[in-house]
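Structure at a glance
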Amino acid sequence: MAADALSIIPGAVLRNLSDKLYEKRKNAALEIEGIVKQLATFGEHEKISAVISLLTNDFTYSPQANHRKQGGLIGLAAVTVGLTSEAAQHLEQIVPPVLTSFLDQDSRVRYYACEALYNIAKVVRGDFIIYFNKIFDALCKLSADSDANVQSAAHLLDKLVKDIVTESDQFSIEEFIPLLRERMNVLNPYVRQFLVGWITVLDSVPDIDMLGFLPDFLDGLFNMLSDSSHEIRQQADAALSEFLQEIKNSPNVDYGRMAEILVRRAGSTDEFTRLTSITWINEFVKLGGEQLVPYYADILGAVLPCISDEEEKIRVVARETNEELRAIKADPAEGFDIGAILSIAKRELNSEHEATRIEALHWFFTLLDRYCAEFLAYLNDIFDPLLNALSDPSDAVVLLVLEVHARIAEESHHFHHLVSYLIRTFHNNHFVLEKRGALIVRRLCVLLGAEKVYREFSTILESEVDLDFASVMVQVLNLILLTSTELGELRSPLKKSLVDSCGKDLFQSLYASWRHSPMATISLCLLAQAYNHASCVIQSLGEEDINVNFLVQLDKLIRLLETPVFAYLRLQVTWSDNPFLQIYLSVSQAHLNSETWRVLPGFFNLISSATLMA
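Calculation rules
Residues numbered from 1 in each chain as written. Predicted model: local features only at pLDDT ≥ 70, side-chain atom pairs only at ≥ 80, totals over all residues. Heavy atoms only, no water. Helix = DSSP H or I, 4+ residues; strand = E, 2+ residues; numbered from the N terminus. Buried < 20%, exposed > 50% of the residue type's maximum accessible area, 1.4 Å probe, protein only. Areas by Shrake-Rupley, 256 points an atom, 1.4 Å probe, with all protein chains shown as cover. Contact = heavy atoms within 4.5 Å. Core = buried A, V, L, I, M, F, W, Y, C linked by side-chain atoms within 4.5 Å. UniProt positions renumbered as here; feature names shortened; annotations may be inferred. Expected span 1.5 Å × (residues − 1). Salt bridge = Lys/Arg side-chain N within 4 Å of Asp/Glu carboxyl O. Phe/Tyr/Trp six-rings, centres within 6.5 Å; stacked < 30°, edge-to-face > 60°. Lys NZ or Arg CZ within 6 Å of the ring centre and 35° of its normal. 1 Å grid on protein atoms, 1.4 Å probe; cavity = no way out; pocket = protein on both sides within 12 Å on 5 of 7 lines; lining within 4 Å. Points joined across faces, edges and corners; volume = space filled by probe spheres on them. Nonpolar A, V, L, I, M, F, W, Y, C, P; charged D, E, K, R; others polar. Axes fitted to C-alpha atoms, helices over the stretch in contact; angles between N-to-C directions. Left-handed = near helix turned anticlockwise from the far one by under 90°. Parallel < 35°, antiparallel > 145°, perpendicular 65-115°, else oblique. Polar contact = N/O pair within 3.5 Å; in protein donor to acceptor, adjacent residues only side chain to side chain.

So, about the overall build of the chain. Along its length, the chain carries 35 helices and 0 strands. By residue count, 53% of the 614 residues in the chain fall in the buried class. Surface exposure of the chain reaches about 28400 Å², of which carbon and sulfur atoms provide 49%.

The residue Leu481 is located in helix H26 (residues 467-483) in this model. For Leu481, a relative accessible area of 0% gives the class buried. If we ignore the near neighbours within four places in the chain, the residues touching Leu481 are Tyr454, Leu487, Leu490, Arg491, Leu494, Leu510, Trp514, Leu524 and Leu527.

Of all hydrophobic cores here, the largest spans 204 residues; its most connected members are Phe217, Trp280 and Tyr454. Here this core takes 9 residues from helix H7 (residues 107-124), the largest share from any one element. Residues in contact with Phe217, not counting those within four places in the same chain, are Ile177, Leu180, Met184, Ile199, Met210 and Phe243.

Sites flagged by UniProt as "repeat: HEAT" (unreviewed entry) map to residues 94-129. Helix makes up 72% of residues 94-129 and strand 0%, and the two end C-alpha atoms of the span are 14 Å apart.

The first and last C-alpha atoms of H26 sit 24 Å apart over 17 residues, in line with the 24 Å expected at 1.5 Å per residue. Taken as a whole, H26 has its buried residues at Phe469, Ala470, Ser471, Met473, Val474, Gln475, Leu477, Asn478, Ile480, Leu481 and Leu482.

Along the chain, Asp158 turns up in helix H9 (residues 148-167). Overall, Asp158 belongs to the buried group, its relative accessible area being 6%. If sequence neighbours within four positions are ignored, Asp158 has contacts with Leu139, Phe194 and Trp198.

On to the pattern of salt bridges. A full pass over the atoms with the stated rule returns 26 salt bridges. A salt bridge links Arg326 to Glu359; the shortest N-O distance between them is 3.3 Å. Placement of the pair is Arg326 in helix H17 (residues 312-327) and Glu359 in helix H19 (residues 354-370), with a sequence separation of 33 residues. By relative accessible area, Arg326 is classed as buried at 11%. The partner of Arg357 in a salt bridge is Asp392, and the shortest N-O contact between them spans 2.7 Å.

A few words on the packing of aromatic side chains. Given two aromatic rings, one states the distance between the centres and the angle between the planes to describe the pair. Scanning the entire structure with this criterion turns up 18 aromatic pairs. Pairing Phe171 with Phe176 gives two aromatic rings, centres 5.8 Å apart and planes at 55°, and the pair type is tilted. The pair formed by Phe171 and Phe176 is uniform in burial state, with each residue classed as buried. Among the aromatic residues, ring-to-ring pairing joins Phe132, Phe136, Phe171, Phe176, Phe194 and Trp198 into one connected group. The ring of Phe415 is capped by Lys452, whose NZ or CZ atom sits 4.6 Å from the centre of that ring.

Time to look at unusual backbone geometry. A negative phi angle is the norm for most residues apart from glycine, just as the trans form is the norm for most peptide bonds. If you check the backbone angles, Thr84 has positive phi at about 45° while not being a glycine. Mapping Thr84 onto the fold places it in the loop between helix H5 (65-83) and helix H6 (91-101). Its identity as a non-glycine residue notwithstanding, Arg125 has a phi of 50°, on the positive side. Relative to the helices and strands, Arg125 resides in the loop between H7 and helix H8 (132-142).

To continue, consider empty space enclosed by the protein. Considering all chains together, one arrives at 2 cavities of 30 Å³ or more under this definition. Here the second largest cavity defines a volume of roughly 50 Å³. The greatest single-element share of the lining of the second largest cavity, amounting to 4 residues, is contributed by H19. Here the lining of the second largest cavity is built from residues that sort into 8 nonpolar, 1 polar and 1 charged.

Moving on to the packing of helix H21 (residues 379-388) against helix H23 (residues 412-428). Close contact between H21 and H23 brings their axes to 11 Å; oriented N to C, the two are set at 35°. Crossing handedness for the pair H21 and H23: right-handed. Contacts from Leu379, Phe383, Leu387 and Asn388 in H21 reach His414, His417, Leu418 and Tyr421 in H23. In terms of residue class, the contact of H21 with H23 is built from 5 nonpolar, 3 polar and no charged.

So, about the layout of surface pockets. Its boundaries defined by the atoms lining it, the largest pocket holds a volume of some 500 Å³. Every element with two or more residues in the lining of the largest pocket is listed here: helix H24 (430-448), H26, helix H29 (518-527) and helix H31 (548-561). When its residues are assigned to classes, the lining of the largest pocket shows 10 nonpolar, 9 polar and 3 charged.

Attention now goes to the packing of helix H13 (residues 230-249) against helix H15 (residues 271-287). Interhelical geometry of H13 versus H15 gives an angle of 5° and a closest axis separation of 11 Å. In terms of orientation, H13 lies roughly parallel with respect to H15. Contacts between H13 and H15 involve Asp237, Leu240, Phe243, Leu244, Ile247 and Lys248 from the former and Phe272, Thr276, Trp280, Glu283, Phe284 and Leu287 from the latter. Counted by class, the contact of H13 with H15 contains 8 nonpolar, 1 polar and 3 charged residues.

Below, the discussion takes up H15. For H15, with 17 residues, the first-to-last C-alpha span of 24 Å sits near the 24 Å given by 1.5 Å per residue. Buried within H15 we find Thr273, Arg274, Thr276, Ser277, Ile278, Trp280, Ile281, Asn282, Glu283, Phe284 and Val285. Sitting at the head of H15, Asp270 places a side-chain oxygen 3.4 Å from the backbone nitrogen of Phe272. Once H15 ends, the next one or two residues include Gly289, with phi positive near 60°.

Structure, rendered in structure tokens:
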């Protein structure tokens with residue numbers, strides 16, 4: 001076959017084909033073009049094939065660079081031009097050696113390969129498409145070529161190939177997408193520009209459904225949003241914005257696969273990537289409907305941390321998305337995974353950001369309110385973390401936790417567990433008792449009823465073995481009872497305990513544990529107007545060891561007597577025959593040492609006044 005080709009093309013032409021002078025090479029190429037055109041006219045395709053083989057083997061694959069870059073590549077382009085409309089049947093011979101030249105170590109060979117393929121493509125146009133994936137692969141590599149001239153030539157070839165693809169009806173997007181997907185995470189900026197350019201062009205073709213394949217390259221586009229090049233970030237953002245608009249206008253979108261990508265990208269260290277991701281998630285939640293039900297937990301896991309983002313724009317979109325999610329009333333029977341949502345909410349209870357912890361608690365309350373039975377099925381997994389959250393440094397978080405607990409504690413077993421845990425926490429951490437005890441107890445009384453809460457505390461504290469702690473705990477509860485507006489309804493029956501059976505029962509219930517603190521016992525008796533018993537308790541104080549704690553508590557009792565809650569008692573003292581006078585007299589007769597007198601001037605002033613009135 002080589003001999004046939006040599007007989008067809010004169011030796012002088014072949015020599016000139018690789019000559020250093022451009023004019024000689026150009027003339028040789030024109031002669032080959034004319035010879036091939038004549039052969040094609042007579043249907044001599046076997047001879048044409050022989051010519052192509054000669055150019056390929058003796059020139060394109062030659063070890064001599066001049067033969068490769070000038071003879072072979074120029075010759076193959078000339079053959080194609082000579083064949084014109086009949087070139088398609090010889091492309092299988094012509095194109096592969098040109099593509100091989102794209103990998104040549106000599107940059108000049110790579111440059112002429114671009115030029116040759118450009119000329120070939122101009123001739124064959126749509127017939128060129130069958131080699132598209134291989135050409136695309138070659139162009140992708142050349143887009144990052146180390147030689148600027150090669151890059152420039154590849155850019156011109158790329159532009160032509162795009163024109164051919166956009167006008168072709170033979171292009172297969174299904175065959176192209178795997179090739180695109182493989183390259184989307186390449187970091188080279190030139191390759192990234194090349195890829196975004198192709199995505200944008202193909203998406204502009206009405207007959208090509210790029211949106212349907214968006215999940216295959218969406219992650220790569222998001223990856224480009226954090227590129228160091230401002231131009232690449234802009235191009236990727238523009239492509240994503242266009243796709244998002246298409247999603248809004250399309251009735252058929254695969255939200256699920258893309259949701260998984262967006263969730264990952266919402267945790268990016270790059271601010272712009274997070275903002276774009278959370279914006280997409282926001283639109284998906286509005287548009288996705290039932291498709292997104294299985295992904296709600298993952299979406300929530302991305303949204304909650306963004307609520308506390310440093311960037312205000314991200315926080316705003318995240319909050320809006322969170323509200324949209326919470327407004328959706330999905331059915332567990334349709335794939336709404338309550339356990340997965342609870343798992344995310346539980347995880348975010350440990351967030352370092354208060355806003356995220358608060359929104360996680362809102363989710364607990366929402367699920368408990370809507371799906372109580374299903375929620376309680378997971379209670380063993382979430383109860384302890386919810387209890388631990390009562391020690392949160394934020395008052396707002398603690399108040400929300402209490403709301404959740406109050407809802408759970410509507411069942412007696414859970415209520416007992418809650419109060420027991422609180423007592424245990426206060427026992428182990430006196431700081432929590434001191435700083436949060438009043439807040440927690442008062443809020444529970446509002447949410448669950450003061451009487452119910454106080455009876456439970458008293459029942460558990462009655463058997464407390466640590467008497468010092470029991471005394472402190474009772475003193476805290478007693479102070480709240482006497483001074484908090486929320487407990488006004490609890491004080492009313494206690495004041496009637498001598499004449500009302502319900503009040504008497506409540507008094508006895510509290511008295512069982514109030515005995516741990518003499519001062520708390522006295523104030524409870526005074527509140528219940530059980531003055532005789534209060535007198536007995538006061539007289540018994542003379543038998544107590546007088547220490548600093550004793551004096552402090554006694555001083556607090558005296559101060560309490562001057563608060564509004566005991567106003568009725570102070571009025572009764574003005575009457576000499578009132579039993580309360582005997583209480584004062586009893587105290588004055590108690591065996592108190594000199595230190596006590598310095599602590600209790602107010603108490604004995606009251607006693608003196610009462611005596612004078614008598």
